[in-house]
Amino acid sequence: MLNLYVAPSSASSRKARKWLVDHGIEFKERNISRIPLNADEIKRILRLTENGSEDIISTRSNAFQKLHVDLDNLTVSQLIDLMVKHPDLIRRPLIFNDEQLQVGFSEEDIRSFLPRNVREASLKQLMDRIS
C-alpha cells in the first residue's frame with residue numbers, strides 16, 4: 001500500500017494527493033503535523049532514502065533555522081530524536097511503499113508508483129505517436 005505523508009499547508013502535498021486520486025492509485029494519507037512520526041517510522045523511511053537524512057530534512061525550513069544545529073555532529077539516534085520532537089523538519093510530502101520513497105512532488109518521479117502495465121501502456125502510446 002502506498003503511503004502519503006502530508007502537511008495540509010503544503011502545495012506539494014496537495015498536488016501529490018490530486019495526482020494519486022486522478023490516477024486511481026489507492027493510498028493511506030497521514031498529516032504528520034497532527035500525527036507525528038515515531039522513531040521506528042522515521043527509521044523505516046530513512047532505510048528507503050539514497051542519502052539518509054539529507055533527503056528528508058528540510059534545512060531551509062524555519063523550524064530548522066531556529067534550532068541552530070549542525071546535522072553532521074549528530075548521531076543517528078540524536079537525529080531521529082530531533083525529527084520526532086520537531087516533525088516540521090521533515091520534508092513533505094513523503095510518498096512511499098515498501099520499496100521506494102519520493103520526497104516532495106515531482107510529476108515525473110511520481111509515475112514510478114503507477115502499476116507497471118499502466119506505465120508500459122503509456123510508453124506504447126507515446127511511441128505510437130512518435131512513429
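Residues numbered from 1 in each chain as written. Predicted model: local features only at pLDDT ≥ 70, side-chain atom pairs only at ≥ 80, totals over all residues. Heavy atoms only, no water.

## Some thoughts on the overall build of the protein
Argument step 1. Helix and strand counts for the protein come out as 7 helices and 4 strands.
Argument step 2. Considering the protein as a whole, with its 131 residues, one finds that 37% of them fall into the buried category.
Argument step 3. Across the protein, the fraction of contacts at a sequence separation of at least 24, relative to all contacts at a separation of at least 6, is 63%.
Argument step 4. Approximately 8,600 Å² of the protein is accessible, and the part contributed by carbon and sulfur atoms is 46%. (Helix = DSSP H or I, 4+ residues; strand = E, 2+ residues; numbered from the N terminus. Buried < 20%, exposed > 50% of the residue type's maximum accessible area, 1.4 Å probe, protein only. Contact = heavy atoms within 4.5 Å. Areas by Shrake-Rupley, 256 points an atom, 1.4 Å probe, with all protein chains shown as cover.)

## Overview of the packing of aromatic side chains
Argument step 1. Counting across every chain of the model gives 1 aromatic pair.
Argument step 2. An angle of 85° between the planes, with centres 5.0 Å apart, marks the rings of Tyr 5 and Phe 96 as edge-to-face. Within this pair, whereas Tyr 5 is found in strand β1 (residues 2-6), its partner Phe 96 is found in strand β3 (residues 94-96), the two being separated by 91 residues in sequence. There is no split in this pair, since Tyr 5 and Phe 96 are both buried. (Phe/Tyr/Trp six-rings, centres within 6.5 Å; stacked < 30°, edge-to-face > 60°.)

## Quick notes on helix α2 (residues 39-48)
Argument step 1. Those residues of α2 that fall on the buried side of the exposure criterion are Ile 42, Ile 45, Leu 46 and Leu 48. In a view along the axis of α2, the buried residues occupy a sector of 155°, so they form one face of it. Away from its buried face, by an angle of more than 90 degrees, α2 presents the exposed residues Asp 40 and Arg 47.
Argument step 2. Residues of α2 that are buried make contact with β1, α3 (53-56), α5 (76-85), β3 and β4 (101-103).
Argument step 3. For α2, the N-terminal cap is Asn 38; the gap from its side-chain oxygen to the backbone nitrogen of Asp 40 is 3.0 Å. (Arc of directions from axis to C-beta. Polar contact = N/O pair within 3.5 Å; in protein donor to acceptor, adjacent residues only side chain to side chain.)

## Here we look at the pattern of salt bridges
Argument step 1. Applying the stated rule across the entire model yields 5 salt bridges.
Argument step 2. Two residues, Glu 41 and Arg 30, come together in a salt bridge whose shortest N-O distance is 2.7 Å. Of this pair, Glu 41 sits in helix α2 while Arg 30 is found in strand β2 (residues 27-31), placing the two residues 11 residues apart along the sequence.
Argument step 3. Residue classification places Glu 41 among the partly exposed positions, given a relative accessible area of 22%. (Salt bridge = Lys/Arg side-chain N within 4 Å of Asp/Glu carboxyl O.)

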